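Here is what each chain is made of, one letter per residue.
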Amino acid sequence: MAKRNQNIVALMEVGGSHDECLYSQIYALNNAGHKVYLICTKEIKDRNPSFEELLAGFVIIEFSKSKFKNNVILLGVIRKLKGLEVSKLVLNTAQGGKIRNLCLMSLFSKLEFIGIIHTTRKFKGSFTQKVINWKVKKYLLLSEYLWSTVTPPRNSKVDYFYPIRYQGYTHSLPSNEKLEVTIIGGVENRRKDLDGFVYLISTLKAEANFTFLGKSDLNHNDVHAFQLKLKEMKLTENVKTFNTFISQKEFNRHLKKTDVILPLVHPNTPSADQYFKNQISGAMSVAFGYKIPMLIHEHYNFIEEMKPASIYYNPSNFSQRLSDVDGFKKVRLKMESNPKFDPKEQEKRFLNFLFEC
């Protein structure tokens, strides 16, 4: 039997907004026999208890308002990584001033940096990103389509993978008395066309439950206006939101009964500026990982990677498309057998990029 590779790898996420991408990476590295450390905040550690059994350890850091103190903290991270004999550092969110400073401090270190980019805007003129590019020579995107649209930074390699392994979830066909529709994330007009949503559900002929599966900030004007609009149109009972962080267990429980995922991205709205042009919607990764079909606006039917997982609608036929339960089941069964949606295949892409490029 061949000896398993014992490279020591660290992952780093200090922004707090993309820890949903970490489990797939940790699992893949651990399963391949690598020793894995996670550099993160205490908040990220506390809300992801499933990470601990797969990690060699955590490096917990808490930044302050002082730039000087933060640079001292970053120097401490570099010393810690050297002491742990880490050979590769994967930046789960490879952007921002703190990551720039970390790259500058490590510029002449032998430690290899690999970055995950969540918006292709970072390849289009960001000076901070250009500095990060001095150290990071390998980047991963979370979408094949976005990967096909970028010009890699000079002397860099760029590829893609889908982080679609979700801890504790088993696939099964839902059996609901009423259709269950899930919108991934909280109520926020910048990311979701809320006005369009209210119009669409006002046109329905059959009853359905809609859940915004993410934390919605009750103090946000978008949330207040949205709830007021639902109340005015007597649609409140059909729409569920959460005002607290959703645990992985609750996330899994709800998706287990979900018939279809609604990304709620529509052309010529703020949601279209946010998604599919420069970054991918989290709904896509969740749909691929949980093998749940998406109901998506027909404007986006040119994106090939989403076609095997999608049923398309426009405002005039939304009600008809939403009632096509048999169509959802057929798409789900095709997704189950599609190798592109197999987490093992995606983790192989991730590992090959880290160790063979």
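Residues numbered from 1 in each chain as written. Predicted model: local features only at pLDDT ≥ 70, side-chain atom pairs only at ≥ 80, totals over all residues. Heavy atoms only, no water.

## A word on the packing of helix α3 (residues 67–83) against helix α4 (residues 97–105)
So, point 1. Packing of α3 against α4 leaves a shortest axis separation of 10 Å and a crossing angle of 50 degrees. Looking at the two axes, α3 sits oblique to α4. For α3 against α4, the interelement crossing comes out right-handed. On α4, the residues touching Asn70, Asn71, Leu74, Leu75 and Ile78 of α3 are Lys98, Asn101, Leu102 and Met105.
So, point 2. Of the residues belonging to the contact of α3 with α4, the class tally is five nonpolar, three polar and one charged. (Axes fitted to C-alpha atoms, helices over the stretch in contact; angles between N-to-C directions. Helix = DSSP H or I, 4+ residues; strand = E, 2+ residues; numbered from the N terminus. Parallel < 35°, antiparallel > 145°, perpendicular 65-115°, else oblique. Left-handed = near helix turned anticlockwise from the far one by under 90°. Contact = heavy atoms within 4.5 Å. Nonpolar A, V, L, I, M, F, W, Y, C, P; charged D, E, K, R; others polar.)

## Notes on the packing of aromatic side chains
Any pair of aromatic rings gets described here by the distance separating the centres and the angle formed by the planes.
So, point 1. Taken as a whole and assessed by the stated rule, the structure comprises 17 aromatic pairs.
So, point 2. Pairing Tyr23 with Phe51 gives two aromatic rings, centres 6.3 Å apart and planes at 20 degrees, and the pair type is stacked. With a gap of 28 residues between them, Tyr23 in helix α1 (residues 22–31) and Phe51 in the loop between α2 (42–46) and β3 (57–60) connect regions that are remote in the sequence. The residues Tyr23 and Phe51 share a single accessibility class, namely buried.
So, point 3. Their ring planes at 80 degrees and their centres at 5.3 Å tell us that Phe197 and Phe210 sit as a pair that is edge-to-face. Residue Phe197 is located in helix α7 (residues 194–202), and its partner Phe210 is located in strand β9 (residues 208–215); the two are separated by 13 residues in the primary sequence. Across the pair, Phe210 and Phe197 agree in class, each one buried.
So, point 4. We note Arg165 situated over the ring of Tyr27; from NZ or CZ to the ring centre the distance is 3.9 Å. (Phe/Tyr/Trp six-rings, centres within 6.5 Å; stacked < 30°, edge-to-face > 60°. Buried < 20%, exposed > 50% of the residue type's maximum accessible area, 1.4 Å probe, protein only. Lys NZ or Arg CZ within 6 Å of the ring centre and 35° of its normal.)

Take it as geometry only, folks, not as evidence of what the structure does.
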